[in-house]
Amino acid sequence: MADAELEASKGASPKSPGSGKSSAKPGASPRDTGSSPLPGDGAEPEGSGPGPDELVAAEHFEDDESDSDSRFGGDGESSTASVSSSILEYRKIHGRTFHSDRYDSQYWTPNDERQSENVDITHHYMTLLLDDRLYLAPIKPDVQKVLDIGTGTGIWAIDFGDQHPSAEVIGTDLSPMMPAWVPPNVRFEIDDCTKPWTWDDDSVDFVHIRFLGGGIKDWTGLFREAYRVLKPGGWLQSGEFDPRFLCDDGTGNDQEAFKLWNKLFNESGPKMGVNFAVIDERIQDAAIVEAGFEKIEGVTYKAPVGPWALDKKLAEAGRYVQLVMENDMEGYSTFLWNTILGWPAEEYQVFLMQVRKMVRDWRKTHNYFHARYVWGRKPE
C-alpha cells in the first residue's frame, strides 16, 4: 500500500485478480522528468535487492504502536450551472449520497462529508509529494484566468487563489461540495466536463485537471476542450491516481485483500465504459499529444500506504494515505461492488475488514499507489 494471513470470505466469492504488477509501456509518451519523485513501473523485483525505482522500506520504525495505529481514527447542452442553483437532487445508494442523475457522467465516489474529508487529506499528501507545490507546469506568475476541472471540495482552487490573488480561479465539479467562504478571486460552478465547455476560445491561461480517473471515457476529447479554451502559450496539467494496490517487494501481492481490491477496479471499469489503468496505459500521455499540446512532460509518484518508506517525506505522505484508506475505503468501493458488479452483498463487509487489516499491517506489507502528472503547452 506478510506474515499475517487474511481469511478469505466464505461462500461463492469472486475470483482473485492478478498480482497487481504494472504493465506501463512508455511508447511515444511524454518525457519523464525523473527529478525528486521515485518513478517506477510497479513491477515485482526479480533480484534480492531493490531496483533503482523501488520504494525501500525502513528497517526500524521510531514508534512502537499497535498495527491499528491509534493516531488514525477509526449533446450541445450547456455544461455549466451556478452553484447557487437548485441542482442538489443527490442520489442515495447504499446509504451514501452521489451526484445528481441530471448528468450523464457516472462518477464512482460519493459526495458526502466523509468523502469530502478524504478529498482534502488527499490534497495534503499529494502536495507533500510535490514538495509543497500546487502544480508542476511552468505557468507564468501573472496568470489571469485559471480553471480547476474536477475541483471536489475546492481546496486546490482556494489554495491557488490565495497564492495568486490577481488571478480569477474557477473550480468546477458535478456536485457542490465546496465551502461557502472562499477568497474573493475564487468561484465555483456545477459542471459536467464531458459536455462542451462554455468558456470562450483562447480565454484561459491555465487548466488544472485532477483525479477524474474512472469518470472519463474520452480523454482526448477532454483535453481538446482544454486546448480550445486555453490562450496560445497557456498550459494544461492533468494529475491522476491509480486506485489499485502495487507492491515492489512481494509483501502484499499474494494477499487476498490485495488481489480482490484490484479485481474490483479491473472488472468494474469495462462495465462502466471507463479505464482505471490511466497511468499504466499512459492514457493521459497519449491524449495530451493527440489534443495538440507541445513541450509535454510527465512524472509518476509512488504514494506508500502507511509510514513504512525509508524516505522521510514518503513516510509522512504514507501516514495520510493510510488515513484516507481507513477513513473511507467504503467510499471507493461500495458503488463498484454493489451497483456495477453486483457482487454478493453479504461478503462486502468481510472484504472491507480484510483490506483494513492489510492497510494497518504496514510494517510487514509495503503497498503503495501510483499518481502521475502530465502537462503541456498550447503552441503560441
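Above this note sits the structure.
Read on for a plain summary of the structure. Note that the structure is predicted; figures quoted are calculated from it, not measured.

The rules behind the values
- Residues numbered from 1 in each chain as written.
- Predicted model: local features only at pLDDT ≥ 70, side-chain atom pairs only at ≥ 80, totals over all residues.
- Heavy atoms only, no water.
- Salt bridge = Lys/Arg side-chain N within 4 Å of Asp/Glu carboxyl O.
- Helix = DSSP H or I, 4+ residues; strand = E, 2+ residues; numbered from the N terminus.
- Buried < 20%, exposed > 50% of the residue type's maximum accessible area, 1.4 Å probe, protein only.
- Polar contact = N/O pair within 3.5 Å; in protein donor to acceptor, adjacent residues only side chain to side chain.
- Contact = heavy atoms within 4.5 Å.
- Pairing = 2+ DSSP bridges.
- Right-handed = clockwise from strand over helix to strand, strands pointing away.

Next up on the list: the pattern of salt bridges. Tallied over the full model, the rule gives 18 salt bridges. As a salt-bridge pair, Lys313 and Asp131 come within 2.9 Å of each other at their nearest N and O atoms. Remark: Asp131 occurs in the loop between α1 (113–129) and β5 (145–149) and Lys313 occurs in helix α6 (residues 312–328); sequence separation between them is 182 residues. One salt bridge connects Arg187 with Glu168, and the closest N-O pair in it is separated by 3.2 Å. Of this pair, Arg187 sits in strand β7 (residues 186–191) while Glu168 sits in strand β6 (residues 168–173); the two residues are 19 residues apart in sequence, bridging distant segments of the chain. Beyond isolated ion pairs, a larger network of salt bridges with shared partners links Asp131, Arg133 and Lys313.

Moving on to the side chain of His123. By the secondary structure assignment, His123 is in helix α1. Judged by relative accessible area, His123 falls into the buried class, the value being 4%. Here Arg210 takes part through its side chain, which lies 3.1 Å from a polar atom of the side chain of His123. Not counting chain neighbours up to four residues away, the residues in contact with His123 comprise Leu134, Ile155, Trp156, Asp159 and Arg210.

Our next topic: the pairing of β6. The buried count for β6 comes to 5 of 6 residues, which makes it a mostly enclosed element. Summarising the sheet, β5 and β6 pair through 5 bridges and their orientation is parallel. Bridge assignment links Val146 to a residue of β6, and that residue is Val169. Read as a crossover between parallel neighbours, the route from β5 over helix α2 (residues 155–163) to β6 is right-handed. Strand direction decides the pairing type here: β6 and β7, joined by 5 bridges, are parallel.

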